[in-house]
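Breakdown of the fold
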Amino acid sequence: MKKKKTQSMIAVILIAVLLAGCGQGTAPQTTQTQAEEGAAGASGQGEAEAVQADAAEADPAEQEAQTAAEEAAPAGQEADAGEGDTVLTAAEEAEIAKKAAGGHPWIDSRARENIYEGMPTSPKDDFHLYVNYDYMIRHKKGGEEESSQVVLGQEVREILEDDTANNHAEELVQDYYKAYTDWDARNAAGLEPLRPVVEDIRGISSLDELSAFLKDPARSGNVPLLMRFMKCYDEENPTRYIPSLAFFGFSDLSLKDPHLYENPDEDTRLKIEAGKKVIIHDLTALGWSEEEAGKVYDDFYAVEAALAPTLNSMMDILQGNELPTMTTDLTQIQEWMQAYPITDILRSRGSTVGEYYHQNEDYMKAVGDLYKEENLERLKNYHIVSFLSKYDCFCDEETFRLSEQASSADDPDSNKKQEDYAFVFDHLKLRMNDALTQAYIGRHDVSKERQEMLDFFEEIRVVYRGMLEKENWLSESTREKAIEKLDGMRLFAIYPERFKDFSGLDLKGKSMAEVEMAVDRFNEQMEVKESTSEIDPEVFAFEQMPTLEDNAKALPMINAFMFSIGILREAGYSSEMSEEEMYGTVGYVLAHEMSHCFDENGSQFDKDGRMNDWWTPEDKAKFEARLQKLIDYYDNITVFEGVNVQGKVISAEATADITGVQAIMELAKTKEGFDYDKFFRTYAEAHAFYSSYKRDLSILGDDSHPLDYLRTNVVVQQFDEFMETYDVKEGDGMYLAPEDRITIW
């Protein structure tokens, strides 16, 4: 058994999270502009705090709540509630308003509870609020914003709804869309497409029969197993993939957080009840009694609860408690898993290697302990529920709606009805990204924008090199290695030159559930085939993030990053943009992702993408001291009453935020007449987001990105150019003394 360093599988495993099915089995996604890190207190906080206290005291939202308590008719509540929101009493609304307004040195100005008409705003005290106040008010009144992402969605919609396919890629995405939108056929079929697998599992009468089922892909090929196969890059030799066993992790749990099984909170109980309701609906529709269906779900939950203690949560991983990775001989793995037929499962799916990369020996042993004859009914019912949870939302409309409600039971704000094309667009980005991208660029020529991004990247690389050359705390040895890494860095922009071959996939004549199952089987077969192949860096890059997604991603394991069509469209990019607008949107994103290759995680990889410590011990200590200053600063920011930022969780993203803007500031110095006001406004507008107290509270500690208002305010207050542009002085809420400012690079 060969142990390896940590930080290995998580990037690839997170892609598997995105490839989950639907309903109560789908990982909730945070819709934030993200394109996947001595206490420094802000001077003048007392005055800023006083301003916020005055604002909170005069907040009409709280006055409305008090009035509503008297009149039993919450004024304005309907305008502020989204579809699926829990209706709160006036007293509850007032309590939330009080907690939400308890931020320091700024309120969370993306939380709707903190926004009211006529509230005072100033660029000197809260820049994010000042710039995005009108945006928040429009959303609070129910106004719709047409973003460039909506425009991109409409462009995709035209392709999906067209009856003329110019190539196989267009044919595939159009067939997928036709199957999805044929609600008459879906409603007529109901859950019948899922019956054969469910009844097959139900009829199993011994552990040997269950093993025979699991190792027969024709029977179990679409059933989520307790251990799944996937390909992973080798951190010691990043030119090749290696076969991996992805342990049943937080992404697979219906509750997502393994710690919640022992001490479920109220939101967790709601999610359990919602999930059980869907399974009872599914199984009674297939002829089971309600009592039988309830027991099936209870058994499923019992299996998850038995395995949960061996697993890490997303928060554990973000806090640096990732499990070590290792390669282990399959004979040893089989010994750990006892009677569980892992060897036969792998062989039946085409994987013939002798060693596998993995992270969790304890989990494998727990599966082995569980996989016994006395647990047969629980194991059968676990597989029934996991199968239904993955595919039931691709059946009839009633089941789809129930499944969607269950998936957002602990986050009512996310329970927003999507148009069919939008759902398909989101799903195709994850299921058939290459086919969708081929279809899109076949009709929309973005080659010019692609070249412009590559040219822009080179401009930023030049100023970044200058930053590294000027770092007086680096030794020449470390500086040389850092510049080598920068010089070898690659940008994979907009779309790949080579695409995966989908010629073997045919979706015609299938029900929607059958279509989804066919795509899953095809992707699994492709995964096995590629698992022992050499890595094509470009193909690898575009596997890590859907090309039409509004995001970008650093890939230190190949010393590169990718930049998508989606984020270009979201930024509203055009050749007509001013330099300041370009720098505040796509320029910042490019510099941000470059900076990830030098953050606390990316800095562990060398110019070739190998995990290799290229630092001198002295330089590493200095880097960590700078990073600790950043962590301490964020730790002292209060988001809501009694709730602070966890600096360690967001330190990598915060490093990239600050360093990315620092690089853009260096580039701006080379431009005559640069309009800093326009740049800073554009940057703040790019981080506008309408959220709520409950949503923001739920993602603190689980999201590696700072909340958007901090991505604006903390970042801009690090720069003299901001202080000078808005005449910010000591005592203003945005003021930060030079000695307290954060510089990583």
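Only a predicted model underlies this, so the values are computations on that prediction, with no experimental measurement involved.

Side note on the overall build of the protein
- When you go through the protein residue by residue, the secondary structure sums to 34 helices and ten strands.
- Looking at the protein as a whole, 59% of its 745 residues qualify as buried.
- Accessible surface computed for the protein: about 29000 Å², of which carbon and sulfur atoms make up 47%.

Structural notes on the sheet that holds strand E8 (residues 560-564)
- Taking strand neighbours across the sheet as the criterion, the three strands line up as E6-E8-E7 in an open arrangement whose pairing is mixed. This sheet does not close on itself; its edge strands, each paired only once, are strand E6 (490-494) and strand E7 (552-555). Pairwise comparison of adjacent strand axes, ignoring direction, gives a mean angle of 10° for this sheet.
- Note: E7 against E8, four bridges, orientation antiparallel.

Focus: the packing of aromatic side chains
- Using the criterion set out here, one finds 39 aromatic pairs in the structure.
- Relative to Tyr301, the ring of Tyr261 has its centre 5.2 Å away and its plane inclined at 35°; by these criteria the two rings are tilted. With Tyr261 in the loop between strand E3 (241-247) and helix H13 (266-285) and Tyr301 in helix H14 (residues 290-307), this pair connects stretches of sequence that are 40 residues apart.
- Accessibility expressed as a relative area gives 10% for Tyr261, which makes it buried.
- Grouped by ring-pair contacts, the aromatic residues Phe127, Tyr130, Phe456, Tyr583, Tyr588, Phe674, Tyr676, Phe679, Phe680, Tyr683, Phe722 and Tyr726 constitute a single cluster.

Some remarks on the pattern of salt bridges
- One pass over the structure, following the stated rule, counts 58 salt bridges.
- Note that Asp520 and Lys390 form a salt bridge whose closest N and O atoms lie 3.5 Å from each other. Residue Asp520 is located in helix H25 (residues 512-530), and its partner Lys390 is located in helix H19 (residues 376-391); the two are separated by 130 residues in the primary sequence.
- Asp520 gets classed as buried once you look at its relative accessible area, which sits at 10%.
- A residue is classified by how much of its surface remains accessible, and Lys390, at 21% relative accessible area, is partly exposed.
- Lys620 serves as the salt-bridge partner of Asp613, at 3.8 Å between the closest nitrogen and oxygen.
- With a relative accessible area of 53%, Asp613 lands in the exposed category.
- Each of Glu192, Arg195, Glu199, Arg202 and Glu292 takes part in a single network of salt bridges with overlapping partners.

With respect to unusual backbone geometry
- Residue Pro105 is reached from His104 by a cis peptide bond, and omega for that bond is 10°.
- Looking at the element boundaries, Pro105 is found in the loop between helix H5 (90-100) and helix H6 (127-140).
- With phi around 55°, Gln338 is a residue other than glycine that occupies positive phi space.
- Even without being glycine, Asp727 reaches a positive phi, approximately 50°.

Quick word on a negative patch on the surface
- On the surface, a cluster of negative charge is made up of Asp208, Glu209, Glu373 and Glu374.
- The partly exposed category is assigned to Glu209, whose relative accessible area is 35%.

Section: the side chain of Glu449
- Along the chain, Glu449 turns up in helix H23 (residues 447-470).
- No salt bridge is formed by the buried Glu449; the nearest opposite charge belongs to Arg569, separated by 4.2 Å.

Re the pairing of E8
- With five of five residues buried, E8 is to be regarded as a mostly interior element.
- Neither face of E8 is exposed, since Ala560, Met562 and Ser564 on one face and Phe561 and Phe563 on the opposite face are all buried.
- Here E7 folds back onto E8, and the loop between the two strands holds four residues, one of which, Asn559, carries a positive phi near 50°.

Points about the nonpolar core
- Tyr340, Ile460, Phe563 and Phe598 are the most contacted members of the largest nonpolar core, which has 190 residues in total.
- In terms of residue count, the dominant contributor to this core is helix H30 (residues 647-668) (ten residues).
- Excluding anything up to four places from it in sequence, Phe563 contacts Met453, Leu491, Phe492, Ala493, Ile494, Ala552, Leu568, Val586, Val589 and Leu590.
- By size, the runner-up hydrophobic cluster in this structure holds 18 residues, among which are Phe542, Met557, Ile558 and Ala560.

So, helix H11 (residues 207-214)
- For H11, the set of buried residues is Leu207, Leu210, Ser211, Phe213 and Leu214. Take H11 and look down its axis: the buried residues cluster within an arc of 160°, on one side only.

What about the side chain of Asp396?
- Note that Asp396 resides in the loop between H19 and helix H20 (397-407).
- The side chain of Asp396 sits in the buried core without any salt bridge; Arg186 is the nearest counter-charge, 7.7 Å away.
- Among the polar contacts made by the side chain of Asp396, one reaches the side chain of Thr399 at a distance of 2.8 Å.

Considering the confidence of the model for the protein
- Per-residue confidence for the protein gives a mean pLDDT of 85; residues scoring 70 or more make up 84%.
- Taken together, the stretch residues 23-85 has pLDDT below 50 and engages in 134 contacts with residues farther than four places along the chain or on a different chain.

Observations regarding helix H24 (residues 476-488)
- Between its first and last C-alpha atoms H24 spans 18 Å; for 13 residues at 1.5 Å apiece the expected length is 18 Å, and the two agree.
- When H24 is considered as a whole, its buried residues turn out to be Thr478, Arg479, Ala482, Ile483, Lys485 and Leu486. In a view along the axis of H24, the buried residues occupy a sector of 155°, so they form one face of it.
- Elements in contact with the buried residues of H24: H23, helix H28 (579-596) and helix H29 (617-635).

A short note on the environment of Leu505
- Mapped onto the elements of the fold, Leu505 is located in the loop between E6 and H25.
- Look at Leu505 and you get buried, because its relative accessible area is 4%.
- Taking the C-alpha atoms as reference points, Leu505 and Arg521, separated by 16 residues in sequence, lie 9.7 Å from one another.
- Residue contacts for Leu505: discarding those within four places in its chain leaves His168, Leu172, Met432, Ala518, Val519 and Phe522.

Looking at the environment of Tyr241
- By the secondary structure assignment, Tyr241 is in strand E3.
- Owing to a relative accessible area of 7%, Tyr241 belongs among the buried residues under this scheme.
- Distance from Tyr241 to Ser531, taken between C-alpha atoms, is 5.4 Å for residues 290 residues apart in sequence.
- In this structure Tyr241 touches Lys231, Cys232, Tyr233, Glu530, Ser531, Thr532, Ser533, Glu534, Ile535, Phe540 and Glu543, once residues within four positions along its chain are discounted.
- For Tyr241, the side chain forms a polar contact with the side chain of Glu543, separated by 3.0 Å.

Rules used throughout
- Residues numbered from 1 in each chain as written.
- Predicted model: local features only at pLDDT ≥ 70, side-chain atom pairs only at ≥ 80, totals over all residues.
- Heavy atoms only, no water.
- Helix = DSSP H or I, 4+ residues; strand = E, 2+ residues; numbered from the N terminus.
- Buried < 20%, exposed > 50% of the residue type's maximum accessible area, 1.4 Å probe, protein only.
- Areas by Shrake-Rupley, 256 points an atom, 1.4 Å probe, with all protein chains shown as cover.
- Pairing = 2+ DSSP bridges.
- Axes fitted to C-alpha atoms, helices over the stretch in contact; angles between N-to-C directions.
- Phe/Tyr/Trp six-rings, centres within 6.5 Å; stacked < 30°, edge-to-face > 60°.
- Salt bridge = Lys/Arg side-chain N within 4 Å of Asp/Glu carboxyl O.
- Patch = residues over 30% accessible without salt bridge, like charges linked within 9 Å, V, L, I, M, F, W, Y side chains within 5 Å.
- Lys, Arg positive; Asp, Glu negative; His and termini not counted.
- Charge placed at Lys NZ, Arg CZ, Asp CG, Glu CD.
- Core = buried A, V, L, I, M, F, W, Y, C linked by side-chain atoms within 4.5 Å.
- Contact = heavy atoms within 4.5 Å.
- Arc of directions from axis to C-beta.
- Polar contact = N/O pair within 3.5 Å; in protein donor to acceptor, adjacent residues only side chain to side chain.
- pLDDT = per-residue confidence, 0-100.
- Expected span 1.5 Å × (residues − 1).

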